[in-house]
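# Residue-level structure breakdown
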Amino acid sequence: MDKENKKATEHPLSILANEAYQAFSEMGFEIALGPELESEWYNFDVLNVPGDHPARDMQDTFWIKDKQGYVLRTHCTSVSARQIEKAGKEGRLPCAFISIGKVFRNEATDATHEMQFYQIDGVMIGSIEDGISLANLKGVLARFYKKMLGEDSEVEFRPSFFPFTEPSIEIHAKFKGKWLEMMGSGQLHPNVLKNCGLDPTKVQGFAFGGGLDRIAMIKWGIPDVRLFYQGDLRLNQF
Amino acid sequence: MKISYNWLKWYIPEVPEPDKLADIFTYHIAEVEGVEKKEDDTIFDINILPNRAHDLLSHQGIARELASLLNIKYVDSAPEYKIPASVKALAGKSELKIDIQSDKCRRYMGRIIRNVKVGSSPEWVVKHLESIGQRSINNLVDAANILMYDCGQPAHVFDLDKVEGGLVIRNAKIGEKMTTLDNRDLELSGQDLLVADFKMALGLAGIKGGKIAEVTAETKNVIIEIANFDPIVTRKSAVRANIFTDARKRFENDLSPELGPYAMRELSALIFEMCPEAIFEDIVDVYPHKQGIRKLSFSADKISKILGLKVSVKEIEDILKRYNFQYKENKGKFEILPPPMRLDLEIEEDMAEEIGRILGYDKVKGEIPEINFKPKINETYKNITFARNKLLSLGYNEVMTYTFSDKGEIELKNSASDKKFLRTNLSDGLRESIKLNQLNAQFLGMNEIKVFEIGTIFKKGKEELHVAYGDKKEVKEMSLAEYTKSAGSFLNGLAGVGDPENRGPEKMTLPMKFQMWSLFPFIARDIAVFAPEGIKSVDVAEVIKENMGNMVTRGPELFDEFKKGGKTSYAFRLIFQSYDRTLTDAEVGDIMTKITNKIKENSGWEVR
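Residues numbered from 1 in each chain as written. Chains lettered and ligands numbered in written order. Predicted model: local features only at pLDDT ≥ 70, side-chain atom pairs only at ≥ 80, totals over all residues.

### Observations regarding the overall build of chain B
The condition that has to hold: In this description a helix means any DSSP run of H or I spanning at least four residues, a strand means any run of E spanning at least two, and both kinds are numbered starting from the N terminus. Only C-alpha atoms enter the radius of gyration; for comparison, a globular chain is expected to reach 2.2 Å times N to the power 0.38, where N is the number of residues. Exposure classes come from backbone-placed C-beta atoms, where a residue is buried if 20 or more other C-beta atoms lie within 10 Å of its own, exposed if 12 or fewer do, and partly exposed in between. Residue pairs qualify as contacts under a 7 Å threshold applied to their C-beta atoms, which are placed from the backbone.
When helices and strands are counted, chain B shows 17 helices and 29 strands. For 608 residues, the compact-globule estimate of 2.2 N^0.38 gives 25 Å, and the C-alpha radius of gyration of chain B, at 37 Å, exceeds that figure by more than 25%. With respect to the principal axes defined by its C-alpha atoms, chain B has extents near 125 × 65 × 55 Å. Counting only residues that meet the buried cut, chain B has 38% of its 608 residues in that class. Considering only contacts within chain B whose residues lie at least 6 apart along the sequence, 67% involve residues at least 24 apart.

So this is what it looks like as structure tokens:
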């Protein structure tokens, strides 16, 4: 009978996060987690975001009262930075990390903006001889989006700018014949490698990051990002 | 930045058609936010990237970029300017005095122009300004604006006769007051940079002019300003004063002071065209902080390694020539002198980006690296997966709630919402969730609501991953570590995702579509049918389906079944709900009556 067959339901973002972890694990990425309440150092400074950068303004970032120099992380790139720093110290290069976690932005909410959401962030570095390049970035993300959005999905690069990557690339993925902006990415900026204790003349690699909620909204046609955090079981349809 | 196609065409007559141009912007330069057809013109709204704001926030900048990118002709307008003859200060009048007292002003060029006639602008000026959404004000102000949108250099015009003595570029005194051109009263801080005369503030440097020396219809003599200010000081000052202007945007992104002489010549020529009777005095150029010559070295090999694309020396040389970069090449190693405006080009990686985007990133072919990474298992993630699977197997449904709360131990300094604390537990959110879902229990087809959340909580001095689960009677919460310890008898040997040795079956979700629920209330109705032997539940469900209309969002769902005296009782539940209105009991009652009557038409069927 229906009643007995009814299984407990999982949150759509958990389903998607597991699929994403699975896809990246198969390509050699190691799962990484990190703190949500993060130091300004790992959230901004390490990533070559200058002290006067507009992103540090009050309106974008949640700052912690009575705890100078701490923020709610605005991206999981902080986790990537912590991981490559650690891997470098432990002599574990080449290495690749994938992190899916909650991030925060202090902005007015609407159907496509929420103060908390999930981000997928990844990094892959190796020696100059390993030569981890933009071609590798494209290969990895193309396979990822095929897993997430279907075999007919493609990715393309468009020029962009981020303080922590050079060159910087915007990733667009094709879904049902339409190009959609999915991620920011690029080769890690030498300053980021230096800040993580690595030697940019010896190490190179890429990093990428983008919203998980956005993939869920595109993949399943979920109309409003705020539905994810209401605790409403009507969301658990998959 | 709004860019007029016709304006571009002045400089690059061979510019491709607008449709094609949009793709060129997208794949080689920056995102096109909008394309608007306007009479005989097309206006592009281009989101210039911060690292190109030094040189691309202007029509000439874009035209130069396109000319080099596409290898088409660039028509330099400078030789066509009518250059006014310049004179020393008139007899009995003193020369323009410029005193830079702050190192945040890198260059200040000023020029006195006498005998100007303030009036309306020539038609082409009005048209150009209107095409990019700007309003014509008067010929002198328009000339300064045309200059900025044309070559990227902001300019300002002061009424000379309202200026006391000369110009001083200095920090404001704490509490000093100024009224802007648009009549806003500012109270300044010691960090604000001012353009002042010997007495008063004439303008917030690089951001907004002041009321005192405003050009009006009566103005006869002016000072034109072509200056260069420090980006950080400009930004901080503008944020404090909450002023957004196109001049601010350009200075806060850092402009090259080397643009000054060109801009001074263009602005003078524009004013000369509008006021042929004007007398131009000699340019006064104070340039204490000269922009240095920058050298940049890179190799074809390194560029190829970064891009993952073999780029030849010849391809690079071709690009450097098209972009007019001075360079030396030796065995694939290049040394270049980037043009002064290209402040974005500092390191080898910058050139990888430059060459990559010019060649087109579609040339970079995807390739999964063949490297044997040795990933370790993430224990925390393994525990999260264990806890989730365990709770799901016990019939708990997963939810996510907000990290923000109206009480807690960690407070936010700033928040767009009224919840200014971080949660200290998951239980409070979970209880709200249970309450909400209880209302929809019938819709969800659940007899009791059981939910769980795995998430981070924040206490003074630490954040911790917690697990909470429960129903309307009780909610339990503990740390993830405690949960896995207490429930972990079968944890040993459980492989998590990410375990390279044991990846487990691939789980792929079906390509399903999300069904948004109705925001109107639902009505649940049950119907129990006694049917003779041989009649299956699907037979009864079929009759219900045929007669239930199109307002059923869930069901018929069999929730009870038993046999008695050779007959079987089937109990179904129907959830009625509309997407555009609240249903009434009466209309649902009518549908149920119709179903009941149809069922009774079958011999031996009985509605209990």
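That covers the picture; the talk isn't over yet.
### Things to note about helix α8 (residues 260–274) of chain B
Within an α-helix, residues lying three or four positions from one another point in the same direction, as the helix has 3.6 residues per turn. The condition is simple: Working rule for helices: expected span equals 1.5 Å times residues minus one.
Taking 1.5 Å of rise per residue, 15 residues should cover 21 Å, and α8(B) covers 21 Å from first to last C-alpha, within 8% of that figure. At its buried positions, α8(B) is contacted by β6 (105–114), α5 (139–151), β14 (222–229) and β15 (279–281) of chain B.

### A closer look at the UniProt feature "domain: B5" (unreviewed entry) in chain B
We apply this condition: UniProt positions are given in the numbering used here, feature names are shortened, and annotations may be inferred rather than shown by experiment.
On the UniProt side, "domain: B5" (unreviewed entry) is annotated at positions that read residues 291–366 of chain B here. Between the C-alpha atoms that bound residues 291–366 of chain B the distance is 41 Å, and the span itself is 39% helix and 18% strand.

### Focus on the nonpolar core
Soluble globular proteins tend to pack their nonpolar side chains together in the buried interior. Applied cut-off: Defined on buried residues, the nonpolar core groups Ala, Val, Leu, Ile, Met, Phe, Trp, Tyr and Cys residues joined through C-beta atoms within 7 Å.
Among the nonpolar cores identified, the biggest contains 139 residues, and L141(A), I171(A), L212(A), I303(B) and V451(B) are the most heavily contacted of them. Of the residues forming this core, the biggest block, 10 residues, is contributed by helix α5 (residues 134–149) of chain A. Those residues in contact with I303(B), other than ones at most four positions away along the chain, are F298(B), V311(B), M351(B), A352(B) and I355(B). Formed by 62 residues, the second largest nonpolar core is a distinct cluster that contains A143(B), C151(B), A227(B) and A247(B).

### Some remarks on the domain arrangement of chain B
For clarity, the cut-off: An automatic or database domain assignment supplies the start and end points of every domain.
One can read the domain layout of chain B as domain 1 (2–76), domain 2 (86–286), domain 3 (296–363), domain 4 (379–490) and domain 5 (523–607). Each of domain 1 of chain B and domain 4 of chain B has a C-alpha centre, and the two are 52 Å apart.

### Quick notes on the confidence of the model for chain A
Residues and elements named next belong to chain A. Heads up, the rule is: Per-residue confidence from the predictor is given as pLDDT, running between 0 and 100.
Per-residue pLDDT for chain A averages 93, and the proportion of residues at 70 or more is 95%. Here helix α1 (residues 2–5) is the element of chain A with the lowest mean pLDDT, 42, and helix α6 (residues 190–195) is the one with the highest, 98. Overall, residues 1–5 carries pLDDT values under 50, and its contacts beyond four positions in sequence, including any with other chains, amount to six contacts.

### A look at the confidence of the model for chain B
Residues and elements named next belong to chain B. Averaged over all residues, the pLDDT of chain B is 92; the fraction at 70 or higher stands at 96%. Of all helices and strands in chain B, the one with the weakest mean pLDDT is strand β4 (residues 86–87) (84), whereas helix α11 (residues 348–359) scores best (98). Across residues 490–509, confidence stays below pLDDT 50; counting only partners more than four residues off in sequence or on other chains, it has 31 contacts. Of the two predicted TM-score estimates for the complex, the pTM is 0.89 and the ipTM is 0.95.

### Topic: the packing of helix α2 (residues 12–25) of chain A against α5(A)
Geometrically, a packed helix pair is captured by the angle between its two axes and the distance between the axes. Residues and elements named next belong to chain A. To keep things clear, this is the line we draw: The axes are straight lines fitted to the C-alpha atoms, using for helices just the contacting stretch, and the angles between their N-to-C directions are given from 0 to 180°. Handedness of a crossing is defined here by the sense of rotation of the near helix relative to the far one, left-handed for an anticlockwise turn of less than a right angle and right-handed for a clockwise turn.
The contact between α2 and α5 brings their axes to 10 Å, and the two run at 145°. When the axes of α2 and α5 are compared, the crossing they make is right-handed. Taken together, the residues of α5 that come into contact with α2 (itself represented by E19, A20, A23 and F24) are F144, K147 and M148.

### Brief notes about the interface of chain B and chain A
How we decide: Polar here means any residue other than Ala, Val, Leu, Ile, Met, Phe, Trp, Tyr, Cys and Pro, which are nonpolar, and Asp, Glu, Lys and Arg, which are charged; Gly is therefore polar.
Of the residues lining the interface, 87 residues belong to chain B; the matching set on chain A comes to 84 residues. At six residues, the largest contribution of residues to the side of chain B that touches chain A is made by α11(B). Broken down by class, the residue content of the side of chain B that touches chain A amounts to 41 nonpolar, 24 polar and 22 charged.

### Observations regarding unusual backbone geometry
Residue P94(A) is reached from L93(A) by a cis peptide bond, and omega for that bond is -5°. Residue position: P94(A) is located in the loop between α4 (77–89) and β4 (95–104). Cis geometry marks the peptide bond from G555(B) to P556(B), where omega comes out at 0°. Along the chain, P556(B) turns up in strand β27 (residues 552–564). Despite not being glycine, N71(B) shows a phi value in the positive range, around 55°. Tracing the sequence through the fold places N71(B) in the loop between α3 (59–70) and β4.

### Notes on the UniProt feature "domain: FDX-ACB" (unreviewed entry) in chain B
Residues annotated by UniProt as "domain: FDX-ACB" (unreviewed entry) correspond here to residues 518–608 of chain B. Between the first and last C-alpha atoms of residues 518–608 of chain B the distance is 31 Å; the span itself is 30% helix and 37% strand.

### Points about the environment of A173(A)
Residues and elements named next belong to chain A. As for its placement among the helices and strands, A173 is situated in strand β7 (residues 165–175). Along the sequence, A173 and M183 sit 10 residues apart, while their C-alpha atoms lie 9.0 Å from each other. Here A173 is in contact with Y145, L149, S153, V155, L180 and M182, once residues within four sequence places are set aside.

### A word on the sheet that holds strand β25 (residues 475–479) of chain B
All names here are of chain B. Filter applied, for reference: Two strands qualify as a pair provided DSSP detects at least 2 bridges between them.
Here four strands make up an open sheet; going across it, the order is β20-β23-β24-β25 and the pairing mixed. In the strand order of this sheet, the two ends are held by β20 (397–398) and β25, each with one partner. The pairing of β20 with strand β23 (residues 451–459) spans two bridges and is classified as parallel. For E398, the partnering residue across the bridge sits in β23 and is F452. Sheet strands in contact with helix α12 (residues 379–393) are β20, β23 and β24 (462–470), and its direction is about 145° off that of β23.

### Concerning the pairing of β14(B)
All names here are of chain B. Burial runs high along β14: eight of the eight residues are buried. Here β14 shows no split at all, with V222, I224, I226 and N228 on one side and I223, E225, A227 and F229 on the other all buried. Across four bridges, the pairing between strand β7 (residues 156–159) and β14 is antiparallel. For D159, the partnering residue across the bridge sits in β14 and is V222.

### Description of the sheet that holds strand β8 (residues 167–171) of chain B
Residues and elements named next belong to chain B. Taken in spatial order, the five strands line up as β5-β8-β11-β12-β13 in an open sheet, and their pairing is mixed. Each edge of the sheet is formed by a strand with only one pairing partner; in this case those strands are β5 (98–100) and β13 (208–209). As paired elements, β8 and strand β11 (residues 193–196) share four bridges and run antiparallel to each other. Along β11, the bridge assignment pairs N171 with L193.

### Regarding the environment of Q237(A)
Tracing the backbone through its elements, the reader meets Q237(A) in the segment after α7 (212–220). Counting along the chain gives 228 residues from Q237(A) to T9(A), while the straight-line C-alpha distance between them is 7.7 Å. Beyond its immediate sequence surroundings of up to four residues, Q237(A) is in contact with F514(B) and Q515(B).

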